[in-house]
Structure formats: C-alpha cells, structure tokens
Amino acid sequence: IITISISVIDWHLPAYICDAIRYHHAIAELGQHEARSMVAIVQLAIDIHYRDQRIASAEWERVRHDVLPELGLNDEALPEFVDIILERFNATIGA
C-alpha cells in the first residue's frame, strides 16, 4: 500500500486522497489501491480538457489502458462519452 503520511498531516486529508494527488501521473504504480478510480477520473478529465482545447496529450496514450477499464469505458465508447461531457460542460458555461 502506498501512503504519504507526511502529506496527510500537512494537508489534513484522508490518506487515499493524498495518494491520488501524489500518483495522479502514475496510475500504473497504484495497482488496486483505493485511490485508483479517483486517479482515473482525474486523468480522463485532463484528457477531455486537452481534447476540448484541441491539443494532443502525450500522457493520455501512456495511461489510457489503465484509465478506461478502471472507469468501465473502452476505446469505442470514449468518443461518444467525451462528446456528452463536453456538450454538458459547454451548456453550463453558455447559460
């Protein structure tokens, strides 16, 4: 189990949140850690942001094989999922 106890003391956050922050660029290192889903959500959010800005994300290609199954998604379903998220986001900022 990966923990960063000093961060828990300094930040006053639960250990799994500190671990998610610490490993948000290293999901493969987490194994079946309780922070894994949170890290996957962060990575997908980063990728969606890059897609919305029309910028390629080199990190996504490295982490997508860990992120997608963690979130119950696959390469075929991802474009439609991203479109829905961006439509909802753009509707809220345009309202």
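In case you missed it, the structure is sitting above this.
Each value, and the rule that gives it
Along each chain, residues carry numbers from 1 onward, in the same order as the chain's sequence is written. Owing to the predicted nature of the model, reporting of local features is limited to residues with pLDDT of at least 70; listing and counting of side-chain atom pairs is limited to 80 or more, with chain, interface and lining totals taken over all residues. The side-chain values count all of the structure's non-hydrogen atoms but skip hydrogen atoms and water molecules. Runs of E in the DSSP output that reach at least two residues are strands. Runs of H or I that reach at least four are helices, and both are numbered from the N terminus. Burial classes follow relative accessibility: with a 1.4 Å probe on protein chains only, a residue under 20% of its type's maximum area counts as buried, one over 50% as exposed, and anything between as partly exposed. Working rule for contacts: check all heavy atoms of both residues, and any pair within 4.5 Å makes them a contact. For the area figures, the Shrake-Rupley method with a 1.4 Å probe applies, and any residue is considered shielded solely by the protein chains shown. What goes into a patch is any residue over 30% in relative accessible area without a salt bridge, connected to like charges within 9 Å or, for nonpolar side chains (Val, Leu, Ile, Met, Phe, Trp, Tyr), within 5 Å. Salt bridge, as used here, is a side-chain nitrogen of Lys or Arg placed within 4 Å of a carboxyl oxygen of Asp or Glu. The criterion for an aromatic pair is that two Phe, Tyr or Trp rings (for Trp, the six-membered ring) have centres within 6.5 Å, with stacked assigned to planes under 30 degrees apart, edge-to-face to planes over 60 apart and tilted to the rest. In this scheme, the term charge over a ring applies when either NZ of a lysine or CZ of an arginine sits within 6 Å of the ring centre and within 35 degrees of the ring normal.

Draft legend 1. Local environment of the overall build of the protein. A tally of regular secondary structure across the protein gives 5 helices and 0 strands. Seen in sequence order, the protein has helices and strands lined up from the N terminus as α-α-α-α-α. Taken across its 95 residues, the protein has 32% of its residues classed as buried. For the protein, long-range pairs separated by at least 24 residues make up 37% of all intrachain contacts whose partners lie at least 6 apart in sequence. Element-wise, carbon and sulfur atoms account for 57% of the exposed surface of the protein, whose accessible area totals about 6300 Å².

Draft legend 2. Main features of a nonpolar patch on the surface. Together, Trp 11, Leu 13 and Ile 21 line one region of the surface with nonpolar side chains, adding up to about 250 Å² of accessible area. Tracing the backbone through its elements, the reader meets Leu 13 in the loop between helix H1 (5-11) and helix H2 (15-22). Residue class for Leu 13 comes out partly exposed when judged on its relative accessible area of 31%.

Draft legend 3. Here's a closer look at the packing of aromatic side chains. Throughout the structure, instances matching the rule amount to 0 aromatic pairs. A cation sits over an aromatic face here: Arg 22 above Tyr 23, 4.6 Å from the ring centre.

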